[in-house]
Amino acid sequence: MSNDYDIIIIGTGGGGGTLAYRLAPSGKRILVLERGDYLRREPDNWDSRAVFVRNKYKAHETWYDKSGQPFHPGQGYYVGGQTKFYAAILFRLRERDFGEVRHHGGVSPAWPLCYEDFAPYYDEAERLYLVHGERGEDPTEPPASGPYPYPAVSHEPRIQRLHDDLVRTGHAPFHLPVGVNLDESNPEKSPCVRCPHLDGFPCLVDGKSDAHVLCIRPALRYPNVTLETNSNVVRLETDASGRTVTGVVVERPGDRREAYRGDIVVVSCGAINSALLLLRSASDRHPKGLANSSDVVGRHYMAHINSAVIALSKEPNKTRFQKTLGVNDYYWGSDDFDFPLGHIQMLGKTDGQMLKAGAPRFVPGFALDYVARHSVDFWLTTEDLPQPANRVTLGRNGRIEVHYSNNNIEPHKRLLATLKGLLTHLDMHPHLISQQVIRDERIPIAGVAHQCGTVRFGTDPATSALDVNCKAHDLDNLYVVDTSFFPSSGAVNPALTAMANALRVGDHLGERLGASDIKQSLEKPEAASA
């Protein structure tokens, strides 16, 4: 078969997978390239020792920080990308996040588009990714055209008591927007079984709303869509003018190489790997890297300032599906601080094996098991600000380097202190007043789940790599559709914005290719099929 396609999409995650789904009905010849394989469904999918201690599903890669110290990234390469492991918490950015926001650590820049430009695509993305929630509870939520597609996932008893305690202390807790194929009214037909293995685990029963199950699988039902796995794109080549990508060079196991050609080429490898691919594609016409006349590719890397904290409940916490509650009362600030602090949500329920992955060796297992039985687990996020020096780049011999320094730390410290100050009002052990949080671990550089910002979009080719349709300013047929395009990160999970943007860019590409009638019916699947 010919290696010429109308569209080539590199990557199958929340960006590339969603785009493939959108364009599948176009009738155009579409090639989707994934560097990994299908993630095997097996009991280890839900084994916390395999996932968090042995790191079975993480890539065996070594990257380097700005000091040259090696680290192993929390990166996996599978059909569905990072959505195979994400927690499926699918927030819209806040309406004000699209404008300039002043923070304690500096200024978060405005986007070239406003919330209204994304709103209809957020609507569609919520339907496509089966988002459950309840409008009107979150005091910071942006306007929406209607209710969430599916009802909020109910709180289990201990989390309901936490909700009630937060309300009693003057807060406005809300049900998290969760993407799961769950029907609480009919458990017999519900693929999701409310297990404790949502956050960080692949889903054994396809109950999580990931890009493989909900986008790639249905896209492949169209005869014009082809998926090639174990196909690592190592370079993009251009014609003599440098304006058109003419070759997509793929490396396969055994050092076999093959080149493909697409009228449109879309890079959707994740913010780190998309930038690296463009930098590796440097040429005489593009000496700084492809699409990089602005010198912004790889720069302005953001991943949020995140902390995972574990507090001890007075009574054992028997919750299984814990990730149902969020707090945004401090998103824009507090009574004694005029700058945004950030967002609080529940983490997946901790067990002893998960704690063991990060605990000092001398801590006995029975102590970790006790903590796990009584833990109430929180995830705190503060916006980090885009800085040119925070960048992804290629070092000696092509090694991957992530240069990152935390910024905007003060509000994150205040957010942690605020939560700690609340614990005695939330039925936590009173004698832990000075140490209510057993573990306060700021997520290290290896935590790349919220990566974004390395190939930003904008209206000025001197300060951005992409235009407002996510086409490279410097090329006529190259697009980047993942979280790379973010000019700022907000303080909520970025996945839904990447998905909504993929639908938006998909409509643009449909019009460009003369196939504008591409919207599919977004009906909830009855059950996952292998």
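Predicted model, so just to flag it, every value in this text is computed and none were measured.

Trainee: Got a minute to help me understand the overall build of the protein in this structure?
Mentor: Looking only at helices and strands, one finds 10 helices and 22 strands in the protein. Relative to the 2.2 N^0.38 estimate, which gives 24 Å for 530 residues, the radius of gyration of the protein is 22 Å and therefore close to what a compact globule would have. Along the first, second and third principal axes, the C-alpha set of the protein runs to 70 × 50 × 45 Å. Within the protein, the fraction of its 530 residues that count as buried is 59%. Counting only contacts in the protein whose residues sit at least 6 apart along the sequence, the fraction spanning at least 24 positions is 73%. Surface summary for the protein: the accessible area is close to 20,600 Å², and the carbon and sulfur share equals 49%.

Trainee: Would you explain empty space enclosed by the protein in this entry?
Mentor: Over the atoms, a rolling probe the size of a water molecule traces out where space has been left empty. Across all of its chains, the model carries 8 cavities of 30 Å³ or more by this definition. Taken as a whole, the largest cavity holds about 90 Å³ of empty space. Residue lining of the largest cavity: 13 residues in total, with Cys 192, Cys 195, Leu 198, Cys 203 and Lys 208 positioned closest to the centre. When the residues that make up the lining of the largest cavity are grouped by side-chain class, the tally is 9 nonpolar, 2 polar and 2 charged.

Trainee: When you look at the sheet that holds strand 20 (residues 400-403) in this model, what are you seeing that I'm missing?
Mentor: Judged by pairing direction, the sheet is mixed, and its 4 strands sit side by side in the order 4-3-20-19 without closing on themselves. Across the chains shown, the open sheet's two edge strands, defined by having one partner strand only, are strand 4 (70-71) and strand 19 (391-394). Across 4 bridges, the pairing between strand 19 and strand 20 is antiparallel. Within strand 20, the position partnered with Arg 391 by the bridge is His 403. Contacting strand 3 (63-65), strand 19 and strand 20, helix 6 (residues 271-280) runs over the sheet at an angle of about 40° to strand 19.

Trainee: I keep staring at the nonpolar core and nothing clicks. Help me out?
Mentor: If you look at the biggest cluster of nonpolar residues, it comprises 100 residues, and the most contacted ones within it are Ile 10, Tyr 129, Leu 236, Val 248, Leu 466 and Leu 478. When residues of this core are assigned to their parent elements, the largest contribution, 8 residues, is made by helix 10 (residues 495-512). Apart from residues lying up to four places away in sequence, Leu 236 is in contact with Ile 10, Val 245, Gly 247, Val 248, Val 265, Val 267, Leu 277, Leu 278, Ser 281, Leu 290 and Leu 478. By size, the runner-up hydrophobic cluster in this structure holds 22 residues, among which are Val 309, Ala 311, Tyr 330 and Leu 422.

Trainee: Please explain the state of the cysteines as it appears in this structure.
Mentor: A covalent bond between the sulfur atoms of two cysteines is referred to as a disulfide. All told, the structure shown has 0 disulfides when counted by the stated rule. Free cysteine Cys 195: the closest other cysteine sulfur is in Cys 203, separated by 6.1 Å. Of all cysteine sulfurs in the structure, the one in Cys 470 sits closest to Cys 452, which takes part in no disulfide; the separation is 13 Å.

Trainee: Would you mind going over the pairing of strand 1 (residues 4-10) with me for this structure?
Mentor: Moving residue by residue along a regular strand, the side chains alternate between the two faces of the sheet. Most of strand 1 is tucked away, with 5 of its 7 residues classed as buried. Strand direction decides the pairing type here: strand 1 and strand 2 (residues 30-33), joined by 4 bridges, are parallel. Across the sheet, Ile 10 pairs through a bridge with Leu 33, a residue of strand 2. Regarding topology, helix 1 (residues 16-23) serves as the crossover connection from strand 1 to the parallel strand 2, and that connection is right-handed.

Trainee: Is there a simple way to think about the sheet that holds strand 10 (residues 178-179) in this case?
Mentor: By way of backbone hydrogen bonds, the strands of a sheet pair with one another, either parallel or antiparallel. As summarised here, the arrangement of the 3 strands in space is 8-7-10, forming an open sheet in which the pairing is mixed. The open sheet is flanked by strand 8 (150-151) and strand 10, the only strands paired with a single partner. Summarising the sheet, strand 7 (residues 131-133) and strand 10 pair through 2 bridges and their orientation is antiparallel. Bridging across to strand 10, His 132 finds its partner in Val 178.

Trainee: I'm lost on helix 4 (residues 157-168) in this one. Help?
Mentor: In a regular helix each residue adds 1.5 Å, so 12 residues correspond to 16 Å; helix 4 covers 16 Å between its end C-alpha atoms and thus fits that length. Three or more residues of helix 4 are buried, namely Arg 158, Ile 159, Leu 162, His 163, Asp 165 and Leu 166. With its buried residues spanning 165° around the axis, helix 4 presents them on a single face. Among the exposed residues of helix 4, those pointing more than 90 degrees away from its buried face are Pro 157 and Arg 168. Contacts made by the buried residues of helix 4 are with strand 16 (325-327), strand 17 (343-346), strand 18 (375-382) and helix 9 (409-422). Of the residues one or two after helix 4, Gly 170 is the one with positive phi, at around 90°.

Trainee: Any chance you could explain the confidence of the model for the protein here in plain terms?
Mentor: Low pLDDT means the predicted atomic positions in that stretch should not be read closely. Here the protein shows a mean pLDDT of 92. Residues at 70 or above account for 94%. Here residues 430-441 scores under 50 on pLDDT; set against residues more than four positions off or in separate chains, the count is 27 contacts.

Trainee: Explanation requested: unusual backbone geometry in the structure shown.
Mentor: Negative phi characterises most residues that are not glycine, and trans characterises most peptide bonds. Its identity is not glycine, yet Asp 255 carries a phi of approximately 60°, on the positive side. As for its position among the elements, Asp 255 is in the loop between strand 13 (245-252) and strand 14 (256-267). The phi angle at Cys 470 is positive, at roughly 65°, despite the residue not being glycine. Along the polypeptide, Cys 470 turns up in the loop between strand 21 (437-442) and strand 22 (478-480).

Trainee: Quick question: what am I supposed to make of the packing of aromatic side chains here?
Mentor: Ring pairs (aromatic) are described by centroid distance and by the angle formed between their planes. Counting across every chain of the model gives 22 aromatic pairs. Geometrically, the ring pair formed by Phe 98 and Phe 118 is tilted, given 5.4 Å between the ring centres and 35° between the ring planes. Within this pair, whereas Phe 98 is found in the loop between strand 4 and strand 5 (101-103), its partner Phe 118 is found in helix 3 (residues 115-128), the two being separated by 20 residues in sequence. Note on Phe 118: relative accessible area 0%, which makes it buried. Ring centres 5.8 Å apart and planes at 85° place the aromatic pair Trp 111 and Phe 457 in the edge-to-face group. Separated by 346 residues along the polypeptide, Trp 111 in the loop between strand 6 (106-108) and helix 3 and Phe 457 in the loop between strand 21 and strand 22 bring together distant segments of the chain. Each member of the pair, Trp 111 as well as Phe 457, is classed as buried. Through successive ring pairs, a cluster of aromatic residues spans Phe 98, Trp 111, Tyr 115, Phe 118, Tyr 122, Phe 457, Phe 485 and Phe 486.

Trainee: Looking at this structure, how should I read the side chain of Asn 224?
Mentor: Inspection of the secondary structure assignment puts Asn 224 in the loop between helix 5 (211-219) and strand 11 (225-228). For Asn 224, a relative accessible area of 14% puts it in the buried group. A polar contact of 2.7 Å, which involves the side chain of Asn 224, links it to the backbone oxygen of Lys 28. Ignoring anything within four residues of it in the chain, the contact list for Asn 224 reads Ala 24, Ser 26, Gly 27, Lys 28, Arg 29 and Ile 30.

Basis of the calculations
- Residues numbered from 1 in each chain as written.
- Predicted model: local features only at pLDDT ≥ 70, side-chain atom pairs only at ≥ 80, totals over all residues.
- Heavy atoms only, no water.
- Helix = DSSP H or I, 4+ residues; strand = E, 2+ residues; numbered from the N terminus.
- Rg over C-alpha atoms; globule rule 2.2 N^0.38 Å.
- Buried < 20%, exposed > 50% of the residue type's maximum accessible area, 1.4 Å probe, protein only.
- Contact = heavy atoms within 4.5 Å.
- Areas by Shrake-Rupley, 256 points an atom, 1.4 Å probe, with all protein chains shown as cover.
- 1 Å grid on protein atoms, 1.4 Å probe; cavity = no way out; pocket = protein on both sides within 12 Å on 5 of 7 lines; lining within 4 Å.
- Points joined across faces, edges and corners; volume = space filled by probe spheres on them.
- Nonpolar A, V, L, I, M, F, W, Y, C, P; charged D, E, K, R; others polar.
- Pairing = 2+ DSSP bridges.
- Axes fitted to C-alpha atoms, helices over the stretch in contact; angles between N-to-C directions.
- Core = buried A, V, L, I, M, F, W, Y, C linked by side-chain atoms within 4.5 Å.
- Disulfide = S-S within 2.5 Å.
- Right-handed = clockwise from strand over helix to strand, strands pointing away.
- Expected span 1.5 Å × (residues − 1).
- Arc of directions from axis to C-beta.
- pLDDT = per-residue confidence, 0-100.
- Phe/Tyr/Trp six-rings, centres within 6.5 Å; stacked < 30°, edge-to-face > 60°.
- Polar contact = N/O pair within 3.5 Å; in protein donor to acceptor, adjacent residues only side chain to side chain.

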